[in-house]
Amino acid sequence: MMGLIKTLMIIMQLVQFVGCQQFSNNKDFFNATINSTQLNDPAALNEFTELVYGRLSTVTSDLIHSEIAQDATFCVTDPEDDWNRSFNYSSDLGFLSKCIQTTQDLAQRLCTAAELKFYFTNFIANTKTSFLKPNRNCNLTAWVSGCEPGWACSAGLGQPVDFKTRQVPARSFNCQPCCEGFFCPQGLTCMIPCPLGSYCPMATFNVSTGLCDPYLYQLPPGKADHTCGGANIWADVSRGGSMFCSAGSFCPTNTKQIPCTTGHFCRKGSTAETRCFRLTTCDSNTTRQNITKYGLMLIVGISVLLFVFYNCYEKVINMRERRYAKSREVAVKSIQQHVQAQARWLSATDAIKKATRSFSFSRRTIVLPNEQSEATSERKEVEAKQKMEERSEATENKDNNKKIKARHLRGDTQIFKYAYSQLEREKAQQQHNAELTFSEVITMMIDDEGRKRPPIEISFKYLTVTLKQKKKCLLRSVTGEIRPGRITALMGPSGAGKTTLLSALAGKTVGCLISGLILINGKVESVRSYKKIVGFVPQDDVVHGNLTVEENIWFSANCRLSADLPKADKVLVVERVIESLGLQPVRDSLVGTIEKRGISGGQRKRVNVGLELVMEPSLLFLDEPTSGLDSSSSQLLLRALKREAVEGVNICMVVHQPSYALFQTFDDLILLAKGGLTAYHGEVRDVEDYFAHLGIIVPERINPPDYFIDVLEGMVKPSTSSGLTYEELPLRWMLHKGYPVPADMQKSVSGVGEPDYSGNQENYAGSGTEQQLSFFGEFWQNLKYKVEAQCDVLKNNFLKSKDLSGRRTPWILLQYRHFLGRMAKQRLREARIQAIDYLILLLAGACLGLITKASDESFGGPGYTYTIIATSLLCKISALRTFSLDKLQYQRERASGISSLAHFIAKDTIDHFSTLIKPLVYLSMFYFFSNPRSLFLDNYIVLLCLVYCVTGIAYALAIFLEPGPSQLCSVLLPVVLTLLSTQPTNSQVMKTLTHLCYPRWALEAFIVSNAKRYYGVWLIQRCGALMRTGYNLHEWYRCIYLLVGAGAACRIVAFIGMLTLGKKY
């Protein structure tokens, strides 16, 4: 009997084992109940746990790859990775085993795919409520205990549960509290495993508050047997924050919460503690490590690097300049010693000659007249022979110099020796030329014909210039010519059109209608075809104040002299200009600006002229170059211009009240009367005779040019008995030269009445009475004038004339290198201003980092918003200086043929240094004070692209607007666009505008880079926040490309503005 009982027991155990094997290989296990005997067997329990976990993994994995996951691709980058970080419990399945032992029918209580989709769709889409919509099990007519928060029900014994079904199954039996490690939302009767990073213990009833801690939900009224269950909701932090693992602790599983140990920190929702960096102190229960020391170390490192860089670069430049200056001093000293030795040798030779003559005269020999004439002729022959020998020696010296040039001199000392030896020869030649006879001068000019520059002769006939806007005649029927090798002075009273005539001949008039004929070397050509060999000195001293005198002149020489010219010859040209203008004492001094004083006004004026002389022009226009200069400086300037005229340069200059000595140095004179009419045009030496012929005699002790201008102004009445008035002087000149007389001036010719042009330019235009225009008529006229003027600018800028200069200037890459060198020196001398910019960014980063700590709920959104505003504003303000401070200098350089593209790219290249440094300076404070979860590199890349973008915008603002409006726009634009980008709106138009704002791209890139670091329990928080803002985890690179593209596009627009705006820029 006992044997039979043992046998039955063995059979029952085998049946039970076979049943377990069947459960392990059959899905019916999930529809059955496990008895207590099976639960007491550890091997069976582990097997059951693995099976449940396998099915649970399948369901959650299917959820990740289901339609809801496809709809949530904006917040899920890698589904497998997100699943592993959220539902991979393989390291510890203890909460499943415990729940199996508690419920014995766990498979009947787990949520199906339909219920999971129902829950997650509700809480991702609806962020304002914690209640689910009615469903099959929980609605107004059916509400079981399992519908309460923290409770769940079973589907019932024998009821199959299809976990892949799309419908919510009936589940209302055996309702129990939710297991530990699971959460049971209100409105659903199933259990969902808590994700990793959460802490889901069983709730306990708080008698004082009447709530179930820590989840804070109430027990249903009227149900005495209903107790607190498990967790009730997994949502964002604002609704389900009690389920998140506490800050300062970490949760290796969803049922364990361990305080952080010393030397580690634990953020909210952490699954493991993170070791603190070195140099940081982390006590127990530390939420985040204090890494401000690293920020201070970074800013100290950046400061040291910048200090070393600026100082080393400055020392390198100073060493080069000192070595350059030393080479020049050695060369000058050597040449001076050579000249002194040569002077001593010449004086000794003269002394020997005198001694020989005195010895021959002491012999007292009697010489007959015939013998005396023969001796005289022989002496002349000897002197002529000596002069021929000297000329042959000079020719040999020239040949030797050419050979020296051909050898490509190396070394600064050799080049300077060559340059200064040439200068000394030129000085000696000038002294020798002063003693030559007329025939010898002619011979010398024939010999030196090959050295002269290409001649440019300008003749103009009946030249009339009329202002388009007001139909005002600025010049009228002006005829004359300016010739090479001569200095032509352009004089007249104020408003006579002197600058207008100079601009018309130089091809610089805008908004004017020009009629008549201008011939270049007897041909109808544009003077722009010769702009490489045409110089124009403006009335204002347009030079770079933060460069030295020598640097200003050298830059003009490098960019405008022939590219084939050897360096030795360039040095010769530069040294000749500096020497001739008397700038040798101040060559290493800064020119100076309004804020920082430099050289004197007269020296600055001479530097202004030297920029054009150094390019060896064939035609040179000067607008009042002697204004503000004293007599000695004016004489020095005119001597330099005389030397240029000897080289064959055609020089035309506007002069205002020159001294008589200065007046005598001019070759020709163009004297204009009011109304733009010519009163005289001819040689200076004939002007007094011409006016004397008219009965206008200059009184004694009166400067003739001043007297003539006073007469033309009407301030002095001519002392003549013929009754000649100053209004008739232009008419007398026309009659004198036989020029056609305009129709409205025919009355004066016929002797009928007085002339009708008493200084009023409108009468000279022959337009009659001025018509009174209405407001709209005047507005239309002004608009039409501006459009026509802009068309003239575009025509001048984009319609290139044929290059007839015959000079090949350096190409764009070489000019770009010269611009880089100049900009580097300018930025080096503005180091204090840049240091202030960095300091302001540093303070802004520290303040914003302290005020706006990185919030987990918003992924640091507020701090990043303020970051965009602050960096955009500060970087735009500093970038405005790049193009707003030297507009006049750019206009002058561009008009002379220097590349605008090289100018723009060089400035942008130099600014890239600040673009790289400024994000580091700002983040060294902001990042290490706010301590976000995103990587420092990600923040740096986004901020770098943002600075690049706003710098391009600042370029466009600086070029298209005046300084005041551009600064105002730089302040308002980032604030307005950022507010527009962060405001929620339902309007499609506003959404489109928002997507076109650069702050949105930067903010999305910042938040996305931070949101990627939140996973596990943060998954719903991440998806909900990204859905509300419309951001996408996959569009980080798109935002970066948009920022860079916007910066490049703004730079292109700014460059086009430089080319098209003309004088407005």
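So, a few notes on the structure that sits alongside this text. Fair warning: this is a prediction, and the values are worked out from it, not measured in the lab. (Residues numbered from 1 in each chain as written. Predicted model: local features only at pLDDT ≥ 70, side-chain atom pairs only at ≥ 80, totals over all residues. Heavy atoms only, no water.)

This part takes up the overall build of the chain. Secondary structure summary: the chain contains 36 helices and 20 strands in total. Among the 1065 residues that make up the chain, the fraction classed as buried is 48%. Taking contacts inside the chain between residues at least 6 apart in sequence as the whole, the part at least 24 apart equals 73%. Accessible surface, the chain: about 52,900 Å² in total, of which carbon and sulfur atoms supply 58%. (Helix = DSSP H or I, 4+ residues; strand = E, 2+ residues; numbered from the N terminus. Buried < 20%, exposed > 50% of the residue type's maximum accessible area, 1.4 Å probe, protein only. Contact = heavy atoms within 4.5 Å. Areas by Shrake-Rupley, 256 points an atom, 1.4 Å probe, with all protein chains shown as cover.)

Here we take up the sheet that holds strand E5 (residues 204–206). Read across the sheet, 3 strands follow the order E5-E6-E7 without closing on themselves; strand pairing throughout is antiparallel. Every other strand in the sheet has two partners, leaving E5 and strand E7 (217–218) as the edge strands with one partner each. Sheet topology note: the strand E6 (residues 211–213)/E7 ladder contains 2 bridges and is antiparallel. The partner of Cys212 across the bridge, within E7, is Tyr217. (Pairing = 2+ DSSP bridges.)

With that settled, consider the packing of helix H26 (residues 812–829) against helix H30 (residues 900–930). The geometry of H26 relative to H30 is characterised by a closest axis approach of 8 Å and an angle of 45° between their N-to-C directions. As far as their axial angle goes, H30 and H26 are oblique. For the crossing formed where H26 meets H30, the hand is right-handed. Two secondary-structure elements touch here, H26 through Ile812, Gln815, Tyr816, Phe819, Leu820, Arg822, Met823, Ala824 and Arg827 and H30 through Leu901, Ala902, His903, Ile905, Ala906, Lys907, Thr909, Ile910 and Asp911. Of the residues belonging to the contact of H26 with H30, the class tally is 11 nonpolar, 3 polar and 4 charged. (Axes fitted to C-alpha atoms, helices over the stretch in contact; angles between N-to-C directions. Parallel < 35°, antiparallel > 145°, perpendicular 65-115°, else oblique. Left-handed = near helix turned anticlockwise from the far one by under 90°. Nonpolar A, V, L, I, M, F, W, Y, C, P; charged D, E, K, R; others polar.)

Sheets are built from strands that pair by backbone hydrogen bonding, the pairs being arranged parallel or antiparallel. Sheet architecture is open: 3 strands sit in the order E13-E12-E15, paired in antiparallel fashion. Taken across any chain shown, the strands that pair with only one partner, and hence form the sheet edges, are strand E13 (472–482) and strand E15 (512–520). Shown here is a sheet whose adjacent strand axes are inclined to one another by a mean of 5°, direction ignored. The pairing of strand E12 (residues 458–467) with E13 spans 7 bridges and is antiparallel.

Think of an α-helix as turning once every 3.6 residues; residues three or four places apart then point the same way. Compared with an ideal rise of 1.5 Å per residue, which puts 12 residues at 16 Å, helix H15 (residues 549–560) spans 17 Å between its outermost C-alpha atoms and is within 8% of the ideal. Counting buried residues along H15, 12 of its 12 residues qualify, which places the element largely inside the surrounding structure. (Expected span 1.5 Å × (residues − 1).)

Glancing now at the pattern of salt bridges. Under the defined criterion, the tally for this structure stands at 34 salt bridges. Between Arg829 and Glu551 there is a salt bridge, with its nearest N and O atoms 2.8 Å apart. With Arg829 in helix H26 and Glu551 in helix H15, this residue pair connects regions lying 278 residues apart in the sequence. The class of Glu551 is buried, set by a relative accessible area of 11%. Among the charged side chains, a salt-bridge network with shared partners connects Arg483, Arg486, Asp668, Glu683 and Arg685. (Salt bridge = Lys/Arg side-chain N within 4 Å of Asp/Glu carboxyl O.)

This part takes up the packing of aromatic side chains. Taken as a whole and judged by the stated rule, the model has 32 aromatic pairs. With 6.4 Å between their ring centres and 45° between their planes, Tyr680 and Phe691 make a pair best called tilted. Within this pair, whereas Tyr680 is found in strand E20 (residues 677–683), its partner Phe691 is found in helix H20 (residues 687–693), the two being separated by 11 residues in sequence. On the accessibility criterion, Tyr680 (4% relative accessible area) is buried. Residue Phe691 is classed as buried on the basis of its relative accessible area, which comes to 2%. Here the aromatic rings of Phe904 and Tyr955 are separated by 6.0 Å at their centres, their planes lie at 80°, and the arrangement is edge-to-face. On the criterion of sequence distance, the pair formed by Phe904 in helix H30 and Tyr955 in helix H31 (residues 936–960) is long-range, its members being 51 residues apart. Under the relative-accessibility criterion, Phe904 is labelled buried at 5%. Assessed through its relative accessible area of 0%, Tyr955 is described here as buried. By the ring-pair criterion, three or more aromatic residues cluster together here, those being Tyr680, Tyr690, Phe691, Tyr707, Phe708 and Trp733. (Phe/Tyr/Trp six-rings, centres within 6.5 Å; stacked < 30°, edge-to-face > 60°.)

What follows covers the state of the cysteines. Throughout the structure, instances matching the rule amount to 11 disulfides. Note on cysteine connectivity: Cys276 is disulfide-linked to Cys282, with sulfurs 1.8 Å apart. As the torsion about the S-S bond is roughly -115°, the Cys276-Cys282 disulfide counts as left-handed. We note that Cys276, like Cys282, is buried. The closest cysteine sulfur to the non-disulfide-bonded Cys945 is located on Cys949, 9.3 Å from its own sulfur. Given the relative accessible area of 8%, Cys945 is considered buried. Here Cys949 stays free of any disulfide, with the sulfur of Cys1050 as its closest cysteine sulfur at 5.8 Å. (Disulfide = S-S within 2.5 Å.)

Here the focus is the environment of Gln176. By the secondary structure assignment, Gln176 is in strand E2 (residues 173–177). Among all residues touching Gln176, those that are not within four sequence positions of it are Thr102, Thr103, Arg109, Trp151 and Ala152. Polar side-chain contacts of Gln176 include one of 3.2 Å to the side chain of Asn174. (Polar contact = N/O pair within 3.5 Å; in protein donor to acceptor, adjacent residues only side chain to side chain.)

Take helix H29 (residues 887–895) next. Taken as a whole, H29 has its buried residues at Lys887, Gln889, Tyr890, Arg892, Glu893 and Arg894. Gly897 sits one or two positions beyond H29 and adopts a positive phi of about 100°.

Here the focus is a nonpolar patch on the surface. A cluster of nonpolar side chains, namely Ile877, Leu968, Val971, Leu972, Val975, Val976 and Leu979, defines an oily patch on the protein surface of about 550 Å² accessible area. Among the elements that make up the nonpolar patch, the one with the highest residue count is helix H32 (residues 963–982) (6 residues). In this structure, Val971 sits in helix H32. Val971 gets classed as partly exposed once you look at its relative accessible area, which sits at 33%. (Patch = residues over 30% accessible without salt bridge, like charges linked within 9 Å, V, L, I, M, F, W, Y side chains within 5 Å.)

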